[in-house]
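Structural description and commentary
Here are the chains, one letter per residue:
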Amino acid sequence: MENKNYRILVLSDLRKSTETILKNTASLAKMIGGDIALLHVKQPLVVVKQDNQLSAVRSINDTYTKTKKHIKQLLKPIEEDFGIAVDASFKVGNVKEEISKRIDELRPDIIVLGQRKSKPIKFLGDSITKFVMSNYDGLVIIASHEQALAKTEELSLGVLNGSADTLDLGLMEELLKQSKRPLKSFKIANRDNTATQKTAAGQPMVEYVFEPQDSAINNMATYLNRTNVDLLYLDLEQASQSNIDVKNVIGKFKVPFLLAGRRKRAFSNAINQG
């Protein structure tokens, strides 16, 4: 496979978790050869609270100055530590429109979204998250606020209800080639809950199979914690076909997700299961 330069777009609200998300994104970019762009958008009503036009202009200018300074301070240590530049932009306007514009301009291969710490099951109902995943057909990473990615050789990759043969993705192939750890496959199927060694596409794989019962997702979440998976791949179309409740999975699995699949149809089907 010919190496490519992945374009990664981080959509950030600049909360405390942003630093961890950016560090993980920079680490990923170093592994795969990626360029990072950051976008932060504020609604005009959040910035402008005065009716006076002159005061409104001052508020906007003051917000631009303070926010750009904050972003610069946030990015400086990350850019120095990882030796990677981040193309940061801040806009005041309609959030969805500004996101659409940036996606059209950048044409990213990957979009990184932060996972909500509170009420995680409601995360996929978040208007911005739903907007991105319903209108963007590239890869989406649901980043962790707390978990840091392991170094390249120690990187632990997993796949939910799939196999190495389903990973027809340049990104996963690139990461698998660099890691010395076997791919971990987590499946819900009619078999005993055992781990078996397999080899697929030249890569070693450990498969964990869980009986299709009410506790399957909880049991799987426990195994994910035990096996220290750094990034879990989930194909939305396969999730929909397997009747997997994506909201429930992302709510209970405390790991970063790599989501693939045709967004508009697969995402809608997956989140509306049950």
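Calculation criteria
Residues numbered from 1 in each chain as written. Predicted model: local features only at pLDDT ≥ 70, side-chain atom pairs only at ≥ 80, totals over all residues. Heavy atoms only, no water. Helix = DSSP H or I, 4+ residues; strand = E, 2+ residues; numbered from the N terminus. Buried < 20%, exposed > 50% of the residue type's maximum accessible area, 1.4 Å probe, protein only. Contact = heavy atoms within 4.5 Å. Polar contact = N/O pair within 3.5 Å; in protein donor to acceptor, adjacent residues only side chain to side chain. Core = buried A, V, L, I, M, F, W, Y, C linked by side-chain atoms within 4.5 Å. Phe/Tyr/Trp six-rings, centres within 6.5 Å; stacked < 30°, edge-to-face > 60°. Lys NZ or Arg CZ within 6 Å of the ring centre and 35° of its normal. Expected span 1.5 Å × (residues − 1). Arc of directions from axis to C-beta. Salt bridge = Lys/Arg side-chain N within 4 Å of Asp/Glu carboxyl O.

This part takes up the environment of His40. Structurally, His40 can be placed in strand S2 (residues 34–42). Among the residues examined, His40 registers a relative accessible area of 4% and is labelled buried. A C-alpha to C-alpha distance of 6.3 Å links His40 and Leu11, two positions 29 residues apart in sequence. Not counting chain neighbours up to four residues away, the residues in contact with His40 comprise Ser12, Asp13, Leu14, Thr67, Ile71, Ser89, Phe90 and Lys91. Within the structure, the side chain of His40 is placed 2.9 Å from the backbone oxygen of Ser12, a separation counted as a polar contact.

Attention shifts here to the nonpolar core. By size, the foremost hydrophobic cluster in this structure holds 40 residues, and its most contacted members are Ile32, Ile110, Val112, Leu157, Leu171, Leu175 and Leu258. With 7 residues, helix H1 (residues 18–32) is the single largest residue contributor to this core. Discounting residues that sit within four places of it in the chain, Leu171 has contacts with Tyr6, Leu28, Ile32, Ile110, Leu139 and Leu258. Among the nonpolar cores identified, the runner-up in size contains 39 residues, and Ile99, Met220, Leu234 and Leu259 belong to it.

Its location among the elements puts Leu231 in strand S10 (residues 231–235). Taking C-alpha positions, Leu231 is 6.2 Å from Gly158, a pair spaced 73 residues apart along the chain. Look past the residues within four positions of Leu231 in its chain and what remains in contact with it is Ser156, Leu157, Gly158, Leu175, Pro256, Phe257 and Leu258.

So, on to the packing of aromatic side chains. Each aromatic ring pair is described using two quantities: the centre-to-centre distance and the angle formed by the ring planes. Tallying each qualifying case throughout the model produces 5 aromatic pairs. Relative to Tyr208, the ring of Phe186 has its centre 5.2 Å away and its plane inclined at 10 degrees; by these criteria the two rings are stacked. Highlighted residues: Phe186 in strand S7 (residues 183–188) and Tyr208 in strand S9 (residues 203–210), separated in sequence by 22 residues. Residues Phe186 and Tyr208 agree in their burial class; the two are buried. Ring geometry for Phe253 against Phe257: centres 6.3 Å apart, planes inclined by 10 degrees, an arrangement best described as stacked. Pair check on accessibility: Phe253 and Phe257 agree, each one buried. Members of the aromatic cluster, joined through ring pairs, are Phe186, Tyr208, Phe210 and Tyr223. Sitting over the face of the ring of Tyr223, Arg226 holds its NZ or CZ atom 5.4 Å from the ring centroid.

The next point concerns helix H7 (residues 216–227). Given a rise of 1.5 Å per residue, 12 residues ought to cover 16 Å, and the 16 Å separating the end C-alpha atoms of H7 matches this to within 8%. Of all the residues in H7, the buried ones are Ala216, Ile217, Met220, Ala221, Leu224 and Thr227. Each buried residue of H7 lies within a common arc of 135 degrees when the element is viewed along its axis, so the set occupies one face.

Right, let's get into the pattern of salt bridges. If you walk through the whole model with that rule in mind, you get 7 salt bridges. With a closest N to O distance of 3.8 Å, Glu98 and Lys101 form a salt bridge. Here the residue Glu98 and the residue Lys101 both occupy positions in helix H4 (residues 95–106), the gap between them amounting to 3 residues, near one helical turn. Its relative accessible area of 44% is what places Lys101 among the partly exposed residues. Among the ionic pairs, Glu207 bridges to Lys187, the shortest N-O distance being 3.3 Å. With Glu207 in strand S9 and Lys187 in strand S7, this pair connects stretches of sequence that are 20 residues apart. Within this structure, Asp87, Arg102 and Glu105 form a network of salt bridges that share partners.

Here we come to the side chain of Thr67. By the secondary structure assignment, Thr67 is in helix H3 (residues 53–82). Beyond its immediate sequence surroundings of up to four residues, Thr67 is in contact with Leu14, His40, Lys42 and Phe90.

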